[in-house]
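An overview of the molecular structure
Below, each chain spelled out in residue letters.
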Amino acid sequence: MNQTTFIKHLPKVELHLHIEGTLEPEMMFQLAQRNNIALPYSTPEQVKQAYQFENLQSFLDIYYQGANVLVHEQDFYDLTWAYLRRCAQDNVIHTEIFFDPQTHTERGVAFDTVIHGIHRALQDGREQLGISSQIILCFLRHLDEESAFATLEQALEHKDKIIGVGLDSSELGHPPQKFARVFARALEEGFLTVAHAGEEGPVSNIYDSLELLKVSRVDHGVRCVDDPALVEQLAKSQMSLTVCPLSNIKLKVFASMQEHNIVELLRRGVCVTINSDDPAYFGGYMSDNFNAVAEHLSVTEQELAQFTRNAINASFVSDSDKSRLHSQLQSFVAGDNGFV
Ligand code: HPA
Ligand code: ZN
């Protein structure tokens, strides 16, 4: 079996996925028409041509604009359902998705509209596609602490649906300290915490996410290589990094995939995982990310399987659910599926 076939069938677990980042240009047009919203493009092809980014901010500007077409609960359902169908094609067996409520509430779309649409699709995904899932609320770090607190307040009545809180958007200029009090409150309320750190920002953002925000995972975190002591600490504590290879190339975090450090980090014992971040914008879903790593960095099939093993260990599910996911991976690796 070649590596592409191995990757296609390898059970996968996604831990870093912004649901708004799964909005494909075709769906953007459909929803714009359905909701009578004008787009600054005339065709989905024009949208795709606009996806040339210089850095994180140049992506975020286009990404927030795209999210304007999401208005009704059914829009959030359709968006999430389309993503789950892609998961099924890629053999993603568990996914933990981010949503950015402030992107929607700031435009007058109710928090409840957003969460209900996403949650209903995830329930259908569980029942009809056998894909388990969790939801993580992300605060937009370019907005202020007060807005984050107000968002957390709205999340309290949805604790049954939201496992944790995270931090995304513009990393430079918006360090973890800005949200230390919001995260302390979220932890008191029983939410787990994660944060984007060390994507474009310095190593200090990784340290501060660990110490001040008490994160259970670091999103991206690839800049940790700037500090060998931190790499050692991450490996020793088995703190997971949710790495997004295609995203990192599109946003010029690395000049090319050959220069990406994910395999180096894996070999240094860090609990790195492969994820798609914003697949509609960055050129691919889970299998595409695995394939990009396999094509440009030489990895063994054992190492490819280790990315899933790491993701299972780092996932926000019960020990019994982790065992179920591990046995699905194990039966594939052991060749029970006839692939190895
Ligand atoms: N970084 C920060 N914010 C984001 C990202 C990202 O990669 N994707 C969506 N929001
Ligand atoms: Zn992200």
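Everything here concerns the structure above.
Below, the structure is looked at part by part. Just so you know, these numbers come straight off a predicted model, no measurement behind them. (Residues numbered from 1 in each chain as written. Chains lettered and ligands numbered in written order. Predicted model: local features only at pLDDT ≥ 70, side-chain atom pairs only at ≥ 80, totals over all residues. Heavy atoms only, no water.)

Quick word on the environment of Thr-22
- Counting through the fold element by element, Thr-22 comes out in the loop between β1 (12-18) and α2 (25-34).
- Its relative accessible area of 4% is what places Thr-22 among the buried residues.
- Sequence-wise, Thr-22 and Leu-172 are 150 residues apart; in three dimensions their C-alpha atoms are separated by 24 Å.
- Apart from residues no more than four positions distant in its own chain, Thr-22 is found in contact with Leu-17, Leu-79, Tyr-83, Pro-279, Ala-280 and Tyr-285.
- A polar atom in the side chain of Thr-22 sits 2.7 Å from the backbone oxygen of Ile-19. (Helix = DSSP H or I, 4+ residues; strand = E, 2+ residues; numbered from the N terminus. Buried < 20%, exposed > 50% of the residue type's maximum accessible area, 1.4 Å probe, protein only. Contact = heavy atoms within 4.5 Å. Polar contact = N/O pair within 3.5 Å; in protein donor to acceptor, adjacent residues only side chain to side chain.)

Structural notes on the sheet that holds strand β5 (residues 192-197)
- On the basis of which strands lie adjacent, the open sheet formed by eight strands has the order β1-β2-β3-β4-β5-β6-β7-β8 and parallel pairing. The strands lining the two open edges of the sheet, one partner per strand, are β1 and β8 (271-274). This sheet shows a mean twist of 25 degrees between the axes of neighbouring strands, independent of strand direction.
- Strand contacts of helix α8 (residues 145-155): β3 (132-140) and β4 (162-168), with the helix running at about 150 degrees to β3, the strand carrying the most contacts. (Pairing = 2+ DSSP bridges. Axes fitted to C-alpha atoms, helices over the stretch in contact; angles between N-to-C directions.)

A few points about the environment of Asp-75
- Among the structural elements, Asp-75 can be located in helix α5 (residues 73-89).
- Here Asp-75 falls in the buried class, since its relative accessible area comes to 1%.
- It is 18 Å that separates the C-alpha atoms of Asp-75 and Pro-279, two residues lying 204 residues apart in sequence.
- Apart from residues no more than four positions distant in its own chain, Asp-75 is found in contact with Leu-31, Arg-34, Asn-35, Val-69 and Leu-70.
- At 2.7 Å, the side chain of Asp-75 and the side chain of Arg-34 are in polar contact.

So, the site of ligand 1
- Taken together, His-18, Leu-56, Phe-59, Leu-60, Tyr-63, Asp-168, Ser-169, His-196, Glu-199, His-220, Asp-277 and Asp-278 form the complete shell of residues around ligand 1.
- Within the side chain of His-18, an N or O atom sits 3.3 Å from a nitrogen atom of ligand 1.
- Between ligand 1 and Asp-277, the relevant distance is 2.8 Å, taken from an oxygen atom to a side-chain nitrogen or oxygen of the residue.
- With the chains in place, 100% of the 260 Å² that ligand 1 exposes on its own is no longer accessible.
- Among the elements that make up the shell around ligand 1, the one with the highest residue count is helix α4 (residues 56-66) (four residues).
- Its residues assigned to classes, the shell around ligand 1 comprises four nonpolar, four polar and four charged. (Near = heavy atom within 4 Å. Areas by Shrake-Rupley, 256 points an atom, 1.4 Å probe, with all protein chains shown as cover. Nonpolar A, V, L, I, M, F, W, Y, C, P; charged D, E, K, R; others polar.)

Quick look at the nonpolar core
- Within the largest apolar cluster, 108 residues are counted, with the highest numbers of intra-cluster contacts made by Phe-99 and Tyr-281.
- Ranked by residues supplied to this core, first place goes to α5 with seven residues.
- Apart from residues lying up to four places away in sequence, Phe-99 is in contact with Ile-19, Glu-20, Phe-111, Val-114, Ile-115, Ile-118, Ile-135, Ile-136, Leu-137, Cys-138 and Ile-162.
- Among the nonpolar cores identified, the runner-up in size contains five residues, and Phe-98, Ile-136, Cys-138 and Val-194 belong to it. (Core = buried A, V, L, I, M, F, W, Y, C linked by side-chain atoms within 4.5 Å.)

Some points on the packing of aromatic side chains
- Evaluated as defined, the whole model comprises 14 aromatic pairs.
- Between the aromatic rings of Phe-53 and Phe-282, the centroid separation amounts to 6.3 Å while the plane-to-plane angle is 90 degrees, which identifies the pairing as edge-to-face. Of this pair, Phe-53 sits in the loop between α3 (44-50) and α4 while Phe-282 sits in helix α14 (residues 279-282); the two residues are 229 residues apart in sequence, bridging distant segments of the chain.
- Note on Phe-53: relative accessible area 3%, which makes it buried.
- Ring geometry for Phe-290 against Phe-307: centres 6.2 Å apart, planes inclined by 85 degrees, an arrangement best described as edge-to-face. (Phe/Tyr/Trp six-rings, centres within 6.5 Å; stacked < 30°, edge-to-face > 60°.)

Quick word on the coordination of the zinc ion (ligand 2)
- Taken together, His-16 (NE2), His-18 (NE2), His-196 (NE2) and Asp-277 (OD) make up the protein donors of the zinc ion (ligand 2), found 2.0 to 2.2 Å from the metal.
- Under the relative-accessibility criterion, His-18 is labelled buried at 3%. (Donors = N, O, S within 2.8 Å, 3.2 Å for Na, K, Ca; no water.)

Topic: helix α7 (residues 111-129)
- With 19 residues, α7 extends 26 Å between its outermost C-alpha atoms, agreeing within 8% with the 27 Å of an ideal straight helix rising 1.5 Å per residue.
- Those residues of α7 that sit buried are Phe-111, Val-114, Ile-115, Gly-117, Ile-118, His-119, Ala-121, Leu-122, Asp-124 and Gly-125.
- Looking at the buried positions of α7, the neighbouring elements they touch are α5, β2 (92-99), α6 (101-105), β3, α8 and β4.
- Of the residues trailing α7, Gly-130 is marked for its positive phi of about 70 degrees. (Expected span 1.5 Å × (residues − 1).)

A closer look at helix α11 (residues 228-237)
- Of the positions making up α11, those classed as buried are Leu-230, Val-231, Leu-234 and Ala-235. Down the axis of α11, the buried set is contained in an arc of 135 degrees. They therefore lie on one face. α11 presents Glu-232 and Lys-236 as exposed residues on the side facing more than 90 degrees away from its buried surface.
- Each element contacted by the buried residues of α11 is listed here: α10 (203-211), β7 (240-243) and α13 (262-267).
- Between a side-chain oxygen at the N-terminus of α11 and the backbone nitrogen of Ala-229 the separation is 3.0 Å; the capping residue is Asp-227.
- With its phi angle positive at about 55 degrees, Gln-238 sits one or two positions after the end of α11. (Arc of directions from axis to C-beta.)

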